[in-house]
Amino acid sequence: GYLGLGEVFLLREDYPQSRQALLESTALYRQVPQEDELSLTLANLADVECRLGLSDQARSHLEESLQIAAETGSWQACLSAVGKTALFMALQGEVELGIEVYALATSYPYLGNSIYWEDSVGKPMAELAEGIPEAARIAAIERGKNRDLHETVRELCAWIRSSPLI
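What comes next is a walk through the structure. (Residues numbered from 1 in each chain as written. Predicted model: local features only at pLDDT ≥ 70, side-chain atom pairs only at ≥ 80, totals over all residues. Heavy atoms only, no water.)

**Quick notes on helix α5 (residues 75-91)**
Taking 1.5 Å as the rise per residue, α5 with 17 residues should run 24 Å; its terminal C-alpha atoms sit 24 Å apart, in good agreement. Of all 17 residues making up α5, 15 are buried, and the element is well covered by its neighbours. Looking one or two residues beyond α5, the residue adopting positive phi is G93, at roughly 100°. (Helix = DSSP H or I, 4+ residues; strand = E, 2+ residues; numbered from the N terminus. Expected span 1.5 Å × (residues − 1). Buried < 20%, exposed > 50% of the residue type's maximum accessible area, 1.4 Å probe, protein only.)

**Re the pattern of salt bridges**
Evaluation of the coordinates by the stated rule reveals 10 salt bridges. A salt bridge links D47 to R51, with the shortest nitrogen-to-oxygen separation between them at 2.5 Å. Of this pair, D47 and R51 both sit in helix α3 (residues 35-51), separated by 4 residues, roughly a single helical turn. The class for D47 is buried, based on a relative accessible area of 6%. R51 sits in the partly exposed class, given a relative accessible area of 28%. Across the pair R161 and E63 runs a salt bridge whose closest N-O atoms are separated by 3.2 Å. Remark: E63 occurs in helix α4 (residues 55-72) and R161 occurs in helix α10 (residues 149-162); sequence separation between them is 98 residues. Taking relative accessible area as the criterion, R161 reaches 47% and is therefore assigned partly exposed. The partly exposed category is assigned to E63, whose relative accessible area is 26%. Taken together, the shared-partner salt bridges connect E96, E100, R143, R147 and E155 into one network. (Salt bridge = Lys/Arg side-chain N within 4 Å of Asp/Glu carboxyl O.)

**Side note on the packing of α5 against helix α8 (residues 115-129)**
One way to put it is that α5 packs onto α8 with a least axis distance of 10 Å and a crossing angle of 30°. The angle between α5 and α8 places the two elements in the roughly parallel class. The handedness of the crossing between α5 and α8 is left-handed. Seen from α5, the contacting residues are S80, G83, K84, A86, L87, A90 and L91; seen from α8, they are Y116, W117, S120, V121, P124, M125 and L128. Among the residues forming the contact of α5 with α8, the class breakdown is 10 nonpolar, 3 polar and 1 charged. (Axes fitted to C-alpha atoms, helices over the stretch in contact; angles between N-to-C directions. Parallel < 35°, antiparallel > 145°, perpendicular 65-115°, else oblique. Left-handed = near helix turned anticlockwise from the far one by under 90°. Contact = heavy atoms within 4.5 Å. Nonpolar A, V, L, I, M, F, W, Y, C, P; charged D, E, K, R; others polar.)

As C-alpha cells, then:
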C-alpha cells in the first residue's frame, strides 16, 4: 500500500512523493486499530520530513511514533522508531549516540539483515560516523548492542521532547 510506496520513493530520494504516500498511509492507519503499523508509517514520515527540512513536523511524527511504540510494546514498531530516531539524532549532531542506538536496532535481524534499512538509514549513518574517531564509533556500537530495546524506546521519548530543534 501507501507505506511501501512511500518507502520506495524514499529510496529513490523522491521525498515529496514519499511524503505524500506516507501521509496517505498515516490517514488510513488512523482509521483502523493498527497502531504498530501507524508507528512504522510515522517513523518513515519523520525521516522524509527531516530530509525535506520540515523540522517541526519530523519531530512531532517521530515523537508520536516513539510514544505508540512505548505504549504498544510492538517489537516491530519499537525497532522502526529506534532506527529512525538514530538517524535523526545523528543528523542533529548527536552522532555517537545515534550510532549507539542504531547498533541496538540493527542487532535484531529484522533490521540488521534488511537491505532497505541499510540503504535508507545505514548508509547515511555510516557517512555521519566517519566524522568521529574510530575508537568512539566502536565503543558506541558495543554500548548499543548491550541496550534494552523497550528501555531505549522510553529514553528516546524523553530525549526527543527535550532536544533542541534540528
